[in-house]
Amino acid sequence: MQKVSDRMIPIVLVAYSLGGLVVQEMVSHAFKKARPQGTDANATQFLKTLSGVFFYSTPHGALKDATY
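All of the points below concern the structure found in this document. (Residues numbered from 1 in each chain as written. Predicted model: local features only at pLDDT ≥ 70, side-chain atom pairs only at ≥ 80, totals over all residues. Heavy atoms only, no water.)

1. Considering the overall build of the chain
Item 1. Within the chain one finds 3 helices and 4 strands.
Item 2. Tracing the chain from N to C terminus, the helices and strands come up as β-β-β-α-α-β-α.
Item 3. Across the 68 residues that make up the chain, the buried fraction comes to 22%.
Item 4. Surface summary for the chain: the accessible area is close to 5400 Å², and the carbon and sulfur share equals 57%. (Helix = DSSP H or I, 4+ residues; strand = E, 2+ residues; numbered from the N terminus. Buried < 20%, exposed > 50% of the residue type's maximum accessible area, 1.4 Å probe, protein only. Areas by Shrake-Rupley, 256 points an atom, 1.4 Å probe, with all protein chains shown as cover.)

Right, here's the structure in full:
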């Protein structure tokens, strides 16, 4: 998170494959730390500046459904 003249620059995360699972867990962890009532200032600030997440070829739960 970078400040430019008292403005926060929005963050867009781009994640591919396993990296997408890492990003998913990181954002989930930030939500847990920021709730309730913004108890973790760093997590709250991260979520405020997070504008979006783009997942590319990330297996969100697909492996749970796989049969061998």
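2. Quick look at the pattern of salt bridges
Item 1. Following the criterion strictly, the structure yields 1 salt bridge and no others.
Item 2. Measuring nitrogen to oxygen at the nearest pair gives 3.4 Å for the salt bridge that ties Asp40 to Lys33. (Salt bridge = Lys/Arg side-chain N within 4 Å of Asp/Glu carboxyl O.)

3. Quick notes on the environment of Ile9
Item 1. One can find Ile9 in the loop between strand S2 (7–8) and strand S3 (11–16).
Item 2. Placed 42 residues apart in sequence, Ile9 and Ser51 show a C-alpha to C-alpha distance of 9.4 Å.

4. Brief notes about the packing of helix H1 (residues 18–34) against helix H2 (residues 41–49)
Item 1. Contact pair H1 / H2: the axes reach a minimum separation of 8 Å and the direction vectors enclose 125°. Accordingly, the angle class assigned to the pair H1 and H2 is oblique. Between H1 and H2 the crossing geometry is left-handed. Across the interface between the two elements, Met26, Val27, Ala30, Phe31, Lys33 and Ala34 of H1 pack against Ala43, Thr44, Phe46 and Leu47 of H2.
Item 2. In terms of residue class, the contact of H1 with H2 is built from 8 nonpolar, 1 polar and 1 charged. (Axes fitted to C-alpha atoms, helices over the stretch in contact; angles between N-to-C directions. Parallel < 35°, antiparallel > 145°, perpendicular 65-115°, else oblique. Left-handed = near helix turned anticlockwise from the far one by under 90°. Contact = heavy atoms within 4.5 Å. Nonpolar A, V, L, I, M, F, W, Y, C, P; charged D, E, K, R; others polar.)

5. Points about H2
Item 1. Listing the buried residues of H2 in full gives Ala43, Phe46, Leu47 and Thr49. One face of H2 carries all of its buried residues, which in axial projection span an arc of 165°. For H2, the exposed residues lying more than 90 degrees away from the buried face are Ala41 and Lys48.
Item 2. Looking at the buried positions of H2, the neighbouring elements they touch are S2, S3, H1 and strand S4 (50–56).
Item 3. Here H2 starts with a cap whose side-chain oxygen sits 3.0 Å from the backbone nitrogen of Asn42, and that cap is Asp40. (Arc of directions from axis to C-beta. Polar contact = N/O pair within 3.5 Å; in protein donor to acceptor, adjacent residues only side chain to side chain.)

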